[in-house]
Amino acid sequence: MGAAAGSRQGPRGARGAAGAGAGAELVWCLFSCPCSSMKLRRYLVRALHRLQKGPGYTYKELLVWYCDNTNTHGPKRIIKEGPKKKLIWFFLTLLFASLVFWQWGILINTYLSYNVTSSLSIGFKTMKFPAVTVCNANPFKYSEVKPLLKELDRLIEAALERILQPGNSSDNVSPPLDLELWNQIPLVLIDEHDKDNPIILDIFESSQTAVGNKTAMGNGTLENYTMGSRSLENYTMGSRSLENYTTAAPGAESNSTANSTAEEKKYKLAVKLCSQQGSGNCTYRNFSSAAQAVSEWYILQSTSILSKVPLHDRIRMGYQAEDMILACLYGAEPCNYKNFTQIYHPDHGNCYIFNWGMDEEALNSSNPGAEFGLKLILDISQQDYIPYLSSAAGARLMLHQQKSFPFLKDQGIYAMAGTETSIGVLVDELERMGYPYSDCTVNGSDVPVQNLYSQYNTSYSIQACLRSCFQNHMVEICGCGHYMFPLPEGVNYCNNEDFPGWAYCYSSLRSSIKQRQICIDSCKETCNDTQYKMTISMADWPSEASEDWIFHILSYERDMSTNVTLDRNGIIKLNIYFQEYNYRTISESAATTIVWLLSSLGGQFGFWMGGSVLCLIEFGEIIIDSLWITIINLISWAKGLKQRRARARYPDTPPTVAELVEAHTNLGFQPEPGPAAGPAGPAAGPGAPALPPEPGTPPPNYDSLRVQPPDTLSPDSDTDTE
């Protein structure tokens with residue numbers, strides 16, 4: 001057997017010599033080698049004997065040993081001093097240990113709060129010139145879109161005539177007004193002569209029924225009118241509550257006459273929005289000025305009309321690059337409208353982006369200063385503005401990063417017509433720390449909002465996320481998408497014909513704080529961002545002395561005409577440049593690190609207890625020893641409980657196995673007791689012949705299997721020899 005074992009060890013020894021250090025073979029050797037198995041068996045046997053013997057010392061002995069041998073100050077004095085000092089040192093040790101744990105809790109909580117510190121650094125390098133987006137403040141040429149807005153313009157002109165000159169307004173308009181378009185989203189007047197009971201008047205109702213009649217809307221108050229899921233009980237119009245606003249009864253006469261003075265008339269213009277046409281579930285959007293109300297009403301109506309126009313027609317009706325961009329110069333290199341990328345922006349129509357970086361590499365700025373920037377001359381054609389849609393004239397421009405979508409309504413600036421606007425640029429780079437220090441995102445892939453602006457192949461931004469979130473809610477609640485935002489797949493834009501209550505739904509959704517908070521919580525800031533700080537200055541351009549020849553040249557270059565087709569109201573000059581190559585980097589860093597935490601924990605422990613890491617190891621050791629004593633005591637208790645149960649079952653000496661088996665022996669194999677029972681079996685009866693013994697196998701004698709003590713073994717007993 002030994003030779004066989006040696007033969008088995010030979011190949012393993014050769015493999016161990018050839019590949020010493022291989023972890024898999026060492027583990028295999030450990031559990032398969034006979035010598036290792038013997039060592040493991042001996043260790044387990046000693047452990048079992050240790051468990052059977054019970055603990056070698058008590059908790060008190062362990063605690064005394066720890067206090068006498070630990071390097072922590074305080075515990076030694078507890079066991080070595082007299083009774084009074086022992087009590088004092090016990091109290092001080094307990095107090096300072098509590099202070100240590102309290103300070104540790106504060107430090108750990110501070111570390112887990114993941115605070116950051118911001119640092120500002122200034123660098124100098126050649127920088128990429130920003131992407132520059134320029135748009136006209138007016139989205140469409142009025143000459144192109146006028147056929148679509150003709151009825152809308154006639155309605156608003158007639159409404160303004162009735163509002164401003166109620167006594168001189170004509171009831172007979174040729175051709176008749178399209179009141180169906182008006183009734184979808186009407187403008188109403190709120191008569192506030194009676195502050196406690198204001199009256200709502202429809203502007204066109206009096207002329208269509210009888211002069212002087214007010215709108216017949218019933219006598220109900222607006223207290224129970226709902227707006228989405230919110231009640232209008234506390235909804236305010238201007239600075240007044242609508243809770244007590246009532247409408248006039250049918251046939252009531254108007255108190256205002258043509259001779260009423262301006263002081264006597266106290267009207268407010270509001271937009272009436274209903275969930276369905278003719279429905280009582282309506283709300284009134286009040287404004288402090290009639291100009292705001294007219295502008296808001298016209299935007300809602302024109303949005304419904306333009307949403308049904310195909311995209312290529314909207315692009316055609318906007319301002320074309322060759323008409324808008326008259327001159328371009330970047331540094332010392334000439335450029336033209338072909339160096340711009342066209343995109344359609346719902347707020348501003350056709351927009352043009354310089355240095356967007358989509359099709360080619362972004363341009364670097366060779367030097368700071370106005371001579372090395374971008375110079376543009378734009379024609380905004382102010383005479384072709386839509387009168388009720390665009391109240392501001394000029395160019396809308398924005399500086400942003402390459403491959404990012406320009407949100408001009410939020411981050412753009414205006415350039416005024418007839419001026420030269422110089423824009424000096426400074427660059428700020430923001431570097432935020434990610435999770436768990438801040439809830440920022442690198443590319444938006446971890447944001448639970450579908451980015452609708454990804455169809456432009458642009459990078460993620462917080463503005464794109466917020467607008468996408470709003471549009472998704474609009475589609476989910478209202479059943480259609482708003483014209484100002486990109487559409488999800490398979491969804492149509494809202495309009496009055498297909499979705500009569502869209503304006504009511506849109507207004508309630510836009511004013512819902514809950515919906516806004518959902519989008520704010522869902523969207524995340526980008527971890528890295530570049531911001532462009534602008535210094536803007538303006539001057540009249542061209543001057544009176546030079547405007548004649550400048551306008552002649554620009555008119556000839558655009559229209560090939562010797563006549564002047566441009567004027568000061570439509571010309572804008574832009575100069576965009578880096579003020580300097582210094583850039584600022586605002587970066588975040590962790591205010592607390594693991595090194596700070598460990599050093600702070602050790603400092604508090606050393607200050608209050610005079611301890612170190614080794615003292616903590618000693619404390620861990622005594623905890624392990626205490627657990628081991630507890631385990632041994634539990635095993636001893638379980639063993640004693642088992643023995644006590646056995647003694648309770650058998651008061652005397654427990655029976656042997658043979659006795660237990662004999663007690664349950666089948667009686668069929670035993671002779672029945674009787675007066676004439678012989679050795680072969682019981683007698684059947686008096687005078688009956690004796691029966692032969694019943695066949696069967698007697699039960700074995702289990703006492704023969706009992707292990708006898710060594711001293712009782714006979715010399716002839718077989719023993720195992722190894």
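Residues numbered from 1 in each chain as written. Predicted model: local features only at pLDDT ≥ 70, side-chain atom pairs only at ≥ 80, totals over all residues. Heavy atoms only, no water.

**What to know about the confidence of the model for the protein chain**
Detailed reading of the predicted model is not advised wherever pLDDT is low. Per-residue confidence for the protein chain gives a mean pLDDT of 78; residues scoring 70 or more make up 73%. Per-residue pLDDT stays below 50 along residues 1-31; that stretch engages in 16 contacts with residues further than four places along the chain or on separate chains. Scored below 50 in pLDDT, residues 676-684 makes eight contacts in the model with residues more than four places away or belonging to other chains. (pLDDT = per-residue confidence, 0-100. Contact = heavy atoms within 4.5 Å.)

**Considering helix 7 (residues 142-164)**
For helix 7, with 23 residues, the first-to-last C-alpha span of 25 Å runs short of the 33 Å given by 1.5 Å per residue. By the largest-angle criterion, L148 marks the main kink of helix 7, which is about 70 degrees. When helix 7 is considered as a whole, its buried residues turn out to be Y142, V145, L149, L152, D153, R154, L155, I156, A158, A159 and R162. (Helix = DSSP H or I, 4+ residues; strand = E, 2+ residues; numbered from the N terminus. Expected span 1.5 Å × (residues − 1). Bend = angle between axes of the 7 residues up to and from the residue. Buried < 20%, exposed > 50% of the residue type's maximum accessible area, 1.4 Å probe, protein only.)

**Comments concerning the sheet that holds strand 4 (residues 199-202)**
Spatially, four strands are ordered 4-3-9-10 in an open sheet, and the strand pairing comes out antiparallel. Each edge of the open sheet is held by one strand with a lone partner, namely strand 4 and strand 10 (282-286). For this sheet, the mean inter-axis angle between neighbouring strands, taken without regard to orientation, is 40 degrees. For strand 9 (residues 267-274) and strand 10, the ladder comprises five bridges, and the chain directions are antiparallel. For L273, the partnering residue across the bridge sits in strand 10 and is T283. Against the sheet, helix 10 (residues 290-306) touches strand 3 (187-191), strand 9 and strand 10, its axis set at about 20 degrees to strand 9. (Pairing = 2+ DSSP bridges. Axes fitted to C-alpha atoms, helices over the stretch in contact; angles between N-to-C directions.)

**Details of the packing of helix 14 (residues 462-478) against helix 16 (residues 513-522)**
The description of two helices packed together rests on the angle between their axes and the distance between the axes. Put simply, helix 14 and helix 16 touch, their axes get as near as 9 Å, and they point 135 degrees apart. It follows from the interaxial angle that helix 14 and helix 16 lie oblique. Pair helix 14 / helix 16 crosses with right-handed handedness. Between helix 14 and helix 16, the residues in contact are L466, C469, F470, H473 and I477 and Q515, I518, C519 and I520, respectively. Considering only residue class, the contact of helix 14 with helix 16 consists of seven nonpolar, two polar and no charged. (Parallel < 35°, antiparallel > 145°, perpendicular 65-115°, else oblique. Left-handed = near helix turned anticlockwise from the far one by under 90°. Nonpolar A, V, L, I, M, F, W, Y, C, P; charged D, E, K, R; others polar.)

**Describing the nonpolar core**
W182, F204 and W297 are the most contacted members of the largest nonpolar core, which totals 63 residues. Among the elements that line this core, the one with the most residues is helix 7, at eight residues. Residues within four places of F204 in sequence aside, it is in contact with L155, A158, A159, R162, L177, L179 and W182. Among the nonpolar cores identified, the runner-up in size contains 36 residues, and V132, C335, V427 and Y581 belong to it. (Core = buried A, V, L, I, M, F, W, Y, C linked by side-chain atoms within 4.5 Å.)

**Thoughts on the side chain of Q463**
One can find Q463 in helix 14. The contact partners of Q463, leaving out residues within four places of it in the chain, are F407, D410 and Q411.

**A word on empty space enclosed by the protein**
One pass over the full model with this rule turns up three cavities of 30 Å³ or more. Looking at the second largest cavity, its volume works out to about 40 Å³. The wall of the second largest cavity is formed by Q184, I185, K272, L273, C274, P500, G501, A503 and Y504. Ranked by the residues each element gives to the lining of the second largest cavity, the list is headed by strand 9, at three residues. Split into classes, the residues belonging to the lining of the second largest cavity amount to six nonpolar, two polar and one charged. (1 Å grid on protein atoms, 1.4 Å probe; cavity = no way out; pocket = protein on both sides within 12 Å on 5 of 7 lines; lining within 4 Å. Points joined across faces, edges and corners; volume = space filled by probe spheres on them.)

**Digging into the sheet that holds strand 13 (residues 340-345)**
Reading across from one edge, 13-14-2-16-17 is the order of the five strands in this open sheet, with antiparallel pairing throughout. Where the open sheet ends on each side, the last strands, each with one partner, are strand 13 and strand 17 (413-415). Averaged over all adjacent pairs, the angle separating strand axes in this sheet is 30 degrees, with direction ignored. With four bridges joining them, strand 2 (residues 131-136) and strand 14 (residues 349-354) adopt antiparallel strand pairing. Bridged to V132 within strand 14 is F354.

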